[in-house]
Amino acid sequence: MRTFSPKPADVERRWLVIDADDVVLGRLATHVASLLRGKHKTTYAPHVDTGDFVVVVNADKVALTGSKRDQKIAYRHSGYPGGLTATSYTELLEKNPEKAVEKAVRGMLPKTTLGRAMIKKLKVYSGPSHPHGAQQPQQFQITQVAQ
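Small disclaimer: the values here were computed from a predicted structure and weren't measured.

*Asks:* Sorry if this is basic, but what is going on with the packing of aromatic side chains here?
*Replies:* Describing an aromatic ring pair means giving the distance of the ring centres and the angle of the ring planes. Considering all chains together, one arrives at one aromatic pair under this definition. Look at Trp15 and Phe53: their rings are 4.4 Å apart centre to centre, the planes differ by 5 degrees, and that puts the pair in the stacked class. Separated by 38 residues along the polypeptide, Trp15 in strand S1 (residues 15–19) and Phe53 in strand S2 (residues 53–57) bring together distant segments of the chain. Residue Trp15 is classed as buried on the basis of its relative accessible area, which comes to 15%.

Below is the structure:
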């Protein structure tokens, strides 16, 4: 019996909506990264992008445990010497909460061309509405206790 290897044309993608209201950021990111990679499917293969599209709503209401909201710092670099910029998560969640969720998920995906293709299937919105109603997304419940 031969081992099944999925082809990119064989992959069926679904659209899933996750409500991030009072969900801890790290736990949200692990669920989203797993869905983007396709690890929940029986046809999962590490060399093929078998994941689904994920829409995260209410990113502005995501929770951080302990004193991370005040002490944790998000870094980014422009690529030029001296181009390191540090932003606290208080400021990041206030100004651009979508970036906080995207940054957490991106850190949990592969750092290859495959990972860059996977992150394109993530759509994050700070409010409760999103423009992807035509794709008929299904609600996905995170099975963990809210903070």
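*Asks:* Looking at this structure, how should I read the pattern of salt bridges?
*Replies:* When the charged atoms of two side chains with opposite charge come close together, those side chains can pair. With the rule as written, the count across this model stands at five salt bridges. Notably, a salt bridge pairs Lys41 with Asp52, separated by 2.8 Å at the nearest N-O pair. Taken together, the positions of Lys41 in the loop between helix H1 (25–37) and S2 and Asp52 in the loop between H1 and S2 put the pair 11 residues apart, joining distant regions of the chain. Across the salt bridge formed by Lys95 and Glu91, the nearest N and O atoms sit 3.3 Å from each other. Taken as a pair, Lys95 and Glu91 lie in helix H3 (residues 89–95) at a separation of four residues, close to a single helical turn. A relative accessible area of 36% places Glu91 in the partly exposed class.

Rules used in this analysis
- Residues numbered from 1 in each chain as written.
- Predicted model: local features only at pLDDT ≥ 70, side-chain atom pairs only at ≥ 80, totals over all residues.
- Heavy atoms only, no water.
- Phe/Tyr/Trp six-rings, centres within 6.5 Å; stacked < 30°, edge-to-face > 60°.
- Helix = DSSP H or I, 4+ residues; strand = E, 2+ residues; numbered from the N terminus.
- Buried < 20%, exposed > 50% of the residue type's maximum accessible area, 1.4 Å probe, protein only.
- Salt bridge = Lys/Arg side-chain N within 4 Å of Asp/Glu carboxyl O.

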